[in-house]
Amino acid sequence: MRIDVDPFSGFCFGVVHAVRTAEELLDKGDELYCLGEIVHNQQEVDRLKAKGLVFIDHEAFKTLQNVNVLIRAHGEPPETYQIAQQNNINIIDASCKVVLGLQRKVKRAWEEMQEKNGQVVIFGKSEHPEVIGLNGQTDENAIIIRSVSEAKQFDFKTPVRLFAQTTMSIHVYERLKDYISELLSKNDCDDFKAYNSICKQVSNREAHIQEFAEEHDVIVFAGGKNSSNAKFLFSICKEANEKSYFISELGDISCEWFKNIDSIGISGATSTPQWFMEQVKQKIEHECI
Ligand code: SF4
C-alpha cells in the first residue's frame, strides 16, 4: 500500500509567518493575545494555546489596554488599528503581505469610485475576516457577492472595480467578471476594471490537487470545519475522486475507507499543519493497513 502526503498542501506562507511570529514572542516569555483564530484549524489553535497564546474576539479586544495583540494573516480593517491606538495596545502585525497589498488597492479603488459615482465589488464571503478587512478600506461601502446568481440582484450601471477574497475559486471569479463586464456594456458603461486578487498559493493548488486526487485510490483531506479554503479544495478532490473523505480530527478516520485499494493520498488546506497530516499517515499505517 502506498501512502503519500501531498507535498504542496499545508500552511501557506502567510500563515507560516503568523505562526512563527507568535511562537517567537511566546518563546521569549511575552504575554500575547491573538485577535481571532490564528488559522482555521483547531489542532493548531490548541497547540498555540498550550504555549500561552490567548485568543480573543473583537469585543474583548475593545476592553484591553497596554497589551500585545497579534493580527493574523487575514488582516484587519482600519477601525482595529484606531482602537489599538486609543487603548495603547501594541499591535504585532502579522497580516499577510499579499493581503496588505490588496487592502491598499481596494482603498485606492474606493477613492477613485467615490469621484466617479462607481462601486467597489468584492467577490467573497461577507463574514470572512479578510473580507471584513477589505470592506473596511471602503468605509464598509463595498458590494460583497459570492456568486454570479448573487450578482444578478444588482443592476450595474456605473463604473465598477472588482476584487476577490484571496481564497475564492478562480473559475467563479472569471464567470463573475464576464457577467459584470457584459452587463455594464449593455448599460453603456465601459469603465470596468477587474483585479484577479486570488492568491497564487491557492490558485496553483487547485490544479495540483485535482491531479493528486486522480492519482490515488482514496483521498483523506484534512482541514478545519470553518476553513473556506478547506471546503473549496475538498470540493475539487471530491469532483476528481469520489472516494475523497474530509476529516478534522484523527478520530474522524474510518478504516473502512481503505479496503481493496492500492494507494492513499493525504492532503489538506492552506490552514492545515504539516505535522497533522503526518499524524494522519501514521494513524492509517498503524491502525488500518
Ligand atoms: S492564502 Fe495567500 S493571501 Fe491568504 S494568507 Fe495565505 S499566502 Fe497570504
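Residues numbered from 1 in each chain as written. Predicted model: local features only at pLDDT ≥ 70, side-chain atom pairs only at ≥ 80, totals over all residues. Heavy atoms only, no water.

### Examining the overall build of the protein
Right, so step 1: What the protein contains, in helices and strands, is 11 helices and 12 strands.
Right, so step 2: The C-alpha atoms of the protein give a radius of gyration of 21 Å, which matches the 19 Å a tight globule of 289 residues would have.
Right, so step 3: C-alpha extents for the protein along the principal axes are approximately 65 × 50 × 25 Å.
Right, so step 4: Relative to its full complement of 289 residues, the protein shows a buried share of 54%.
Right, so step 5: Long-range pairs, those at least 24 residues apart, make up 71% of the contacts in the protein between residues at least 6 apart in sequence.
Right, so step 6: Accessible surface, the protein as shown: approximately 13900 Å² in total, 46% of it carbon and sulfur.
Right, so step 7: Separation between the mean location of the 32 positive side-chain charges and that of the 44 negative ones in the protein comes to 2 Å. (Helix = DSSP H or I, 4+ residues; strand = E, 2+ residues; numbered from the N terminus. Rg over C-alpha atoms; globule rule 2.2 N^0.38 Å. Buried < 20%, exposed > 50% of the residue type's maximum accessible area, 1.4 Å probe, protein only. Contact = heavy atoms within 4.5 Å. Areas by Shrake-Rupley, 256 points an atom, 1.4 Å probe, with all protein chains shown as cover. Lys, Arg positive; Asp, Glu negative; His and termini not counted. Charge placed at Lys NZ, Arg CZ, Asp CG, Glu CD.)

### As for the packing of aromatic side chains
Right, so step 1: Scanning the model with the defined rule gives 8 aromatic pairs in all.
Right, so step 2: An aromatic cluster of three or more residues is present, and its members are Phe221, Phe234 and Phe246.
Right, so step 3: Between the NZ or CZ atom of Lys238 and the centre of the ring of Tyr245, over which it lies, the distance is 5.8 Å. (Phe/Tyr/Trp six-rings, centres within 6.5 Å; stacked < 30°, edge-to-face > 60°. Lys NZ or Arg CZ within 6 Å of the ring centre and 35° of its normal.)

### Re the pairing of strand 12 (residues 263–268)
Right, so step 1: Judged by how many residues are buried, strand 12 sits mostly within the fold: 6 of 6 residues are covered.
Right, so step 2: Side chains of strand 12 alternate between two faces, with Ser263, Gly265 and Ser267 and Ile264, Ile266 and Gly268 buried alike.
Right, so step 3: Pairing geometry for strand 10 (residues 218–222) and strand 12, over 5 bridges, is parallel. Its bridge partner lying in strand 12, Ala222 is registered against Gly268. (Pairing = 2+ DSSP bridges.)

### Side note on the side chain of His74
Right, so step 1: With respect to the helices, strands and loops of the structure, His74 is situated in the loop between strand 4 (68–71) and helix 4 (78–86).
Right, so step 2: By relative accessible area, which is 16% here, His74 ends up buried.
Right, so step 3: Residues within four places of His74 in sequence aside, it is in contact with His40, Val99, His128, Pro129 and Glu130.

### Quick word on the pattern of salt bridges
Two side chains that carry opposite charge are able to pair once their charged atoms sit near each other.
Right, so step 1: As enumerated under the stated definition, the model contains 17 salt bridges in all.
Right, so step 2: Residue Arg146 is joined to Glu127 by a salt bridge in which the shortest nitrogen-to-oxygen separation is 2.9 Å. Here Arg146, found in the loop between strand 7 (143–145) and helix 7 (148–151), pairs with Glu127, found in the loop between strand 6 (119–123) and helix 6 (129–136); they are 19 residues apart in sequence, far enough to count as distant.
Right, so step 3: Each member of the salt-bridge network shares a partner with another, and the members are Glu23, Asp27, Glu44, Arg47 and Lys51. (Salt bridge = Lys/Arg side-chain N within 4 Å of Asp/Glu carboxyl O.)

### Some remarks on the domain arrangement of the protein
Right, so step 1: As assigned here, the protein comprises domain 1 (2–9 + 202–287), domain 2 (13–95) and domain 3 (98–194).
Right, so step 2: Spacing between the C-alpha centres of domain 2 and domain 3 amounts to 28 Å.
Right, so step 3: Counting from both sides, the interface comprises 10 residues of domain 2 and, opposite them, 11 residues of domain 3.
Right, so step 4: Approximately 770 Å² of surface area, both sides summed, lies buried where domain 2 meets domain 3, with 62% of it carried by carbon and sulfur atoms.
Right, so step 5: The largest contributions to the domain 2 side of the interface with domain 3 come from His74, Pro77 and Pro78, which together make up 47% of the buried area.
Right, so step 6: Counting every contact that joins domain 2 to domain 3 gives 0 salt bridges. (Domains from an automatic or database assignment. Buried area = accessible area lost by both parts, 1.4 Å probe.)

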